[in-house]
Amino acid sequence: DARFCGAHFDPDDRERCVAVSGEEIRAGRDHELEYRMLRADGSTIWVRDRVYLVRDASGAVVKMRGIMTDVSERHRTASALEKSEDRLRLALDATQLGIWDYTPATSALVCSERCYQLLSMAPGTPTTARSYLDRVHPGDRERVVRAGAEAFRSGGEIEVAYRVDLPDGDERWLLTRGKSYLDEAGRPVRFIGTMADITERVRSQSQLERLLEQIRA
């Protein structure tokens, strides 16, 4: 009732819960809510409240019964995961890394927005292992396939540098690192990793090698 809500509901959830529950009761429906509850010691917990309407012989609602479950741990875990994902996102933004995740059961290759940028593909483009390899320079493709297949089948790691062709005719050097995961039967079930632009590093190394050759000459 109103006194219970006023005494025990977290003020930020009270109005929402009262409105939702009132609407469901008027519609004659059992319903479920999640909200924060204030305990006697002043601490806050999250509860899932399943509300069942009890009717008399004529079908009129005469009272409500409910089952409350403490779901605080789930909310704490979700909150911690969200913070962890925020920290990971900040780290990835700072290092300019892309993240990719390949699932063999569906042949789907899920790419972060940064991966799409590095591959010069429109964000959200449906991507498979084949469409990814189509972006790899033909001169590097076989080497990338071989390195990926070996790591994928063995549950090992991959680290391979290669070129991708850009729409303007230029090329970009990428470094892909990843790890394959096997199930209990030894079958690959997931392949995840990162992608980074190393074009400037490769060009600097090439310039240094040419300079050293000139000095030796």
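Scroll up to find the structure.
We now turn to the structure provided with this report. Just so it is clear, the structure is predicted and the values come from calculations on it, not from any experiment. The written sequence of each chain sets the order in which its residues are numbered from 1. Only residues with pLDDT of at least 70 get local features here, since the model is predicted, and only at 80 or more are side-chain atom pairs given and counted; chain-wide, interface and lining totals rely on the full set of residues. Computation of side-chain values: all heavy atoms of the structure, hydrogens and water removed.

So, the overall build of the protein chain
- To qualify as a helix, a DSSP run of H or I must reach at least 4 residues; to qualify as a strand, a run of E must reach at least 2; elements of each kind are numbered from the N terminus. Summing up its helical and strand segments, the protein chain has 7 helices and 8 strands in all.
- Among the 217 residues that make up the protein chain, the fraction classed as buried is 29%.
- The contact definition used throughout considers only heavy atoms, calling two residues in contact when any of these lie within 4.5 Å. Nonlocal contacts in the protein chain, meaning residues at least 24 apart in sequence, comprise 39% of its contacts between residues at least 6 apart.
- For the protein chain, the accessible surface area stands at approximately 14300 Å², while carbon and sulfur atoms represent 52% of it. Only protein chains enter the calculation, and the probe is 1.4 Å; a residue is then buried if its accessible area is under 20% of its type maximum, exposed if over 50%, and partly exposed in between. Here the open area of atoms and residues is found with the Shrake-Rupley method and a 1.4 Å probe, where only the protein chains shown may cover a residue.

As for the sheet that holds strand S5 (residues 108–111)
- In this scheme, strands are said to pair when DSSP sees at least two bridges between them. Within the open sheet, the 5 strands sit side by side as S5-S4-S8-S7-S6. Their pairing is antiparallel. In the strand order of this sheet, the two ends are held by S5 and strand S6 (157–165), each with one partner. Strand-to-strand twist in this sheet, taken as the mean axis angle between neighbours without regard to direction, amounts to 25°.
- With 9 bridges connecting them, strand S7 (residues 171–182) and strand S8 (residues 188–197) associate as antiparallel partners. Residue pairing across strands places Gly178 opposite Gly193, the latter belonging to S8.
- Between the N-to-C directions of two axes lies an angle of 0 to 180 degrees, each axis being a line fitted to C-alpha atoms and, for a helix, fitted only over the stretch in contact. Of the strands in this sheet, strand S4 (98–103), S6, S7 and S8 touch helix H6 (residues 138–154), which is tilted by about 160° from S6.

Here we look at the packing of aromatic side chains
- Between 30 and 60 degrees the pair is tilted, below 30 it is stacked and above 60 it is edge-to-face, where a pair is any two Phe, Tyr or Trp rings, Trp via its six-membered ring, whose centres lie within 6.5 Å. Counted under the stated rule, the structure contains 5 aromatic pairs.
- When the ring of Trp100 is compared with that of Phe191, the centres are 5.2 Å apart and the planes differ by 85°; the resulting orientation is edge-to-face. Placement of Trp100 in strand S4 and of Phe191 in strand S8 is noted, with a sequence separation of 91 residues between them. The burial state of Trp100 is the same as that of Phe191; both residues are buried.
- The structure contains a cluster of three or more aromatic residues connected by ring pairs, namely Trp100, Tyr102, Phe152 and Phe191.
- The ring of Tyr181 has Lys179 lying over it, and the distance from NZ or CZ to the ring centre is 4.7 Å. In our convention, an over-ring charge means Lys NZ or Arg CZ found within 6 Å of a ring centre and within 35 degrees of that ring's normal.

These values are about where atoms sit, not about what they do.
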